[in-house]
Amino acid sequence: VHRATKGEFTVHRDFPATVVPNHHATADITALVRGRVVDVYADLGQQVKAGDLLAIMYSSELGMAQSSYLKAVAKLYVAERAYERAEMLLKEKVIGLAESQRRQGDMLSLRAEKREAQDRLRLLGMSEEHIRQLDKEQKILSYVPITAPFDSRVIARNLTKGEVVEATEKLFTVADLSEVWVLANIPEKDIPFIRSVSQATGSQTTAVDQLVEVLLTAYPGEVFHGRVTYIGDVLDVATRTMNLRLELPNPDRKLKPHMYATIRVHSLPERNVLLIPEQAVQRERDRRFVFVQRDATTFEARDVSLGEGNGEVVKVLDGLREGEPVV
């Protein structure tokens, strides 16, 4: 026997979802120049730090670009000296103004040529430090280091030693898996159930926390908690669903990208609601009734009007009073 009691009532909805890497902490590492892979140092699953060497390539294209830059630097040096001499000769009236202006034009043109060659080196992946080193040592290096952009784990590797790779070809994919995303598609009919990430209160906008649980087949009985960071503004035309994104901490790396998951979203609690156990409800065609205990040996079958249930308790709209015992 259980008495009808008033309390808080919540319901939940389950949506299929998929675990993916945090896109803000994922990088596809590409080759900016065509070249041959000399050596590979990183393998799948390896943890790397920012700046760690993943592979080395040899590129004749980079060598030619460096050579063009050094030639532009040398030509500019000659042109600047020639212009300086022209200014001195102009003051002494040895040459005319037109000759001085011609040499100035040559110098400005070669400055632009140097900047163009320097920008070409940057486009091919050379850092400012390496360009300064090239200026200082005048030594052409045709080897291209492939490095990790941040602390991460190698989750894809698409090159082997000796292979020739083309520009923009994806060589590695690295990701920081200490935090992952869980993506779900919410059917149109359930959109009102998802609360906004933020809501306006007067002239201010405040964050709204909605209890969201993530369940995975790989870890039965274990519940992971995440926070909603994105709710789609546009429906998918074909599936009539809305995108939903959660962020979950993943310090133990238990959540693997491409795992299937279930997102369980709980509603806001509805207070002061009359509730009875769902097991107490009897069903007979369209009729819903409960057995109310009148005394120790007497029970009354009473029709009731019920609202939504959550699998454990159900709301009573009419037919029962608070405190009445039901079987």
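Residues numbered from 1 in each chain as written. Predicted model: local features only at pLDDT ≥ 70, side-chain atom pairs only at ≥ 80, totals over all residues. Heavy atoms only, no water.

Attention now moves to the overall build of the protein. The secondary structure content of the protein amounts to 3 helices and 26 strands. Rg of the C-alpha trace for the protein: 35 Å, well past the compact-globule value of 20 Å for 327 residues, more than 25% over. Projected onto its principal axes, the C-alpha coordinates of the protein cover approximately 130 × 50 × 35 Å. Per-residue burial for the protein yields a buried fraction of 36% across its 327 residues. Across the protein, every contact between residues at least 6 apart in sequence was considered, and the portion connecting residues at least 24 apart equals 72%. Summed over all atoms, the accessible surface of the protein reaches about 19700 Å², with 50% contributed by carbon and sulfur. With 44 positive and 47 negative side-chain charges, the protein shows a separation of 4 Å between the mean positions of the two kinds. (Helix = DSSP H or I, 4+ residues; strand = E, 2+ residues; numbered from the N terminus. Rg over C-alpha atoms; globule rule 2.2 N^0.38 Å. Buried < 20%, exposed > 50% of the residue type's maximum accessible area, 1.4 Å probe, protein only. Contact = heavy atoms within 4.5 Å. Areas by Shrake-Rupley, 256 points an atom, 1.4 Å probe, with all protein chains shown as cover. Lys, Arg positive; Asp, Glu negative; His and termini not counted. Charge placed at Lys NZ, Arg CZ, Asp CG, Glu CD.)

Turning to the pairing of strand β12 (residues 179-187), a few remarks are in order. Examined bridge by bridge, strand β3 (residues 12-21) and β12 share 5 bridges and lie antiparallel to one another. Within β12, the position partnered with A17 by the bridge is A184. For β12 and strand β18 (residues 241-249), the ladder comprises 9 bridges, and the chain directions are antiparallel. Bridge pairing links P187 to T241 in β18. (Pairing = 2+ DSSP bridges.)

It is worth spelling out the environment of G63 at this point. Counting through the fold element by element, G63 comes out in helix α1 (residues 60-91). Contacts of G63, omitting those with residues within four sequence positions, involve I140 and S142.

What follows covers the packing of aromatic side chains. Considering all chains together, one arrives at 3 aromatic pairs under this definition. Seen in terms of ring centroids, Y219 and F224 are 6.0 Å apart; in terms of plane orientation they differ by 65°. Their pairing is edge-to-face. For the pair formed by Y219 and F224, the shared burial category is buried. Taking 5.7 Å as the distance between ring centres and 85° as the angle between the ring planes, the aromatic pair formed by F289 and F291 counts as edge-to-face. (Phe/Tyr/Trp six-rings, centres within 6.5 Å; stacked < 30°, edge-to-face > 60°.)

Okay, the side chain of R245 next. Along the chain, the position of R245 falls in strand β18. It turns out R245 is buried and unbridged, and the closest side chain with the opposite charge, E247, is 4.4 Å from it. If we skip the residues at most four places from it in the chain, R245 touches W181, V182, L183, R227, V228, T229 and Y230. (Salt bridge = Lys/Arg side-chain N within 4 Å of Asp/Glu carboxyl O.)

Here the focus is the sheet that holds strand β10 (residues 164-165). Taken in spatial order, the 4 strands line up as β8-β7-β5-β10 in an open sheet, and their pairing is antiparallel. Looking at which strands have only one partner, the edges of the open sheet turn out to be β8 (143-147) and β10. Both strand β5 (residues 35-40) and β10 contribute to a ladder of 2 bridges, which runs antiparallel. Paired with G35 across the bridge in β10 is V165.

Any two packed helices are characterised by the angle at which their axes cross and by the distance between the axes. At their nearest, the axes of α1 and helix α2 (residues 97-123) sit 8 Å apart, and the two run at 160° to each other. It follows that α1 is roughly antiparallel to α2 by the angle criterion. Like other packed secondary-structure pairs, α1 and α2 cross with a definite hand, here left-handed. A class-by-class count of the residues in the contact of α1 with α2 yields 15 nonpolar, 5 polar and 9 charged. (Axes fitted to C-alpha atoms, helices over the stretch in contact; angles between N-to-C directions. Parallel < 35°, antiparallel > 145°, perpendicular 65-115°, else oblique. Left-handed = near helix turned anticlockwise from the far one by under 90°. Nonpolar A, V, L, I, M, F, W, Y, C, P; charged D, E, K, R; others polar.)

It is worth spelling out the sheet that holds strand β4 (residues 26-30) at this point. Across the sheet, which stays open at both edges, the 4 strands sit in the order β4-β11-β9-β6 with antiparallel pairing between neighbours. Only two strands of the sheet have a single partner each, and these edge strands are β4 and β6 (47-48). Direction of pairing for β4 relative to strand β11 (residues 170-175): antiparallel, over a ladder of 5 bridges. Within β11, the position partnered with I29 by the bridge is F172.

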